[in-house]
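As a plain string of letters, each chain reads:
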Amino acid sequence: MTILITAGPTREAIDPVRFLTNRSSGKMGYALARTAAEQGHRVILISGPTDLDVPDRVDFIPVESTMEMYAAVEHRIAKADVAIFAAAVADYRPAHVSEEKIKKTGGTMTLELVRNPDILGSARNQFAYQGVLVGFAAETEDLEENARSKLESKGCDLVVANDVSRKDIGFDVNDNEVLLVFPDRTEQPPKDTKQHLAHIILEHIIELTPVGGPN
Ligand code: PMT
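Residues numbered from 1 in each chain as written. Predicted model: local features only at pLDDT ≥ 70, side-chain atom pairs only at ≥ 80, totals over all residues. Heavy atoms only, no water.

Turning next to the pattern of salt bridges. Going through the model one piece at a time under the given rule, you end up with 11 salt bridges. Measuring nitrogen to oxygen at the nearest pair gives 2.7 Å for the salt bridge that ties Asp-59 to Arg-42. Here Arg-42 lies in strand S4 (residues 42-47) and Asp-59 lies in strand S5 (residues 58-62), a separation of 17 residues in the sequence. The class of Asp-59 is partly exposed, set by a relative accessible area of 32%. (Salt bridge = Lys/Arg side-chain N within 4 Å of Asp/Glu carboxyl O. Helix = DSSP H or I, 4+ residues; strand = E, 2+ residues; numbered from the N terminus. Buried < 20%, exposed > 50% of the residue type's maximum accessible area, 1.4 Å probe, protein only.)

Structure, rendered in structure tokens:
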């Protein structure tokens, strides 16, 4: 199967030397990409900037901004049997990117932000994607409820939810603890390494495909 995976953070430029970003290391998305490639799937890994080695045998598409990630996904998603959105995507970007390095002036500075497109939220409508759609949910409260609402509003088959208020899991650490939120049930595998959880998550995802399902 062909599996498209987004991973890592996005960078939203403010001027030539500054940007807005987040704490995503890419570890969760890369673990999924590595595992899927080892299982013999064709993997398209669309990634924001990370310090990680690119897993062997993946088609690697490096991007920086949300708009670049959007275009990369739009261009390739039709080829994918499964699309997994593990990237931590900026919801807003600076309204204007200064061509020159911004100089300090007064004691305060206001940065105007505009909404970025929701890439996962565009899959079913704008991209007319009909394959298995897996989102992530980075939450600090009401994990299951918020994940279920993302599942429904974005037309996902599965949302992998993690509590990003915890220091031992989530952003930029080797372990994670996730809730697997399906339309008809929720499962909670035990806390584990992202690499091992990637196997468990992919096993559940394969079951959702026509190849892996009961029919
Ligand atoms: O990279 P690591 O350090 O290993 O950390 C892993 C992780 C915490 C980043 C990962 O497990 C995770 O939770 N990824 C999703 C982060 C996120 O942006 O969650 P969200 O709840 O804000 O977004 C919901 C979903 O919509 C996600 O699938 C996200 O990729 C997607 N999204 C969000 C905004 C946007 N503009 N476009 C999107 O596609």
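Core analysis: the biggest nonpolar cluster contains 30 residues, and Ile-5, Leu-32, Ile-84, Val-160, Ile-201 and Ile-205 have the highest contact counts within it. Sorting the residues of this core by element identifies strand S1 (2-7), helix H1 (27-38), S4, strand S6 (82-85), strand S9 (132-139), strand S10 (158-163), strand S12 (178-181) and helix H5 (194-208) as the ones contributing at least two each. The element best represented in this core is H1, accounting for 7 residues. In this view, Ile-84 contacts Ile-3, Leu-4, Ile-5, Thr-6, Leu-32, Val-134, Phe-136, Leu-202 and Ile-205; residues no more than four positions away in its chain are not counted. (Core = buried A, V, L, I, M, F, W, Y, C linked by side-chain atoms within 4.5 Å. Contact = heavy atoms within 4.5 Å.)

This paragraph deals with a nonpolar patch on the surface. Taken together, the side chains of Tyr-92, Met-109, Leu-111 and Leu-113 make up a nonpolar region of the molecular surface, amounting to roughly 380 Å² of accessible area. Tracing the sequence through the fold places Leu-111 in the loop between strand S7 (92-94) and strand S8 (113-115). The partly exposed category is assigned to Leu-111, whose relative accessible area is 34%. (Patch = residues over 30% accessible without salt bridge, like charges linked within 9 Å, V, L, I, M, F, W, Y side chains within 5 Å. Areas by Shrake-Rupley, 256 points an atom, 1.4 Å probe, with all protein chains shown as cover.)

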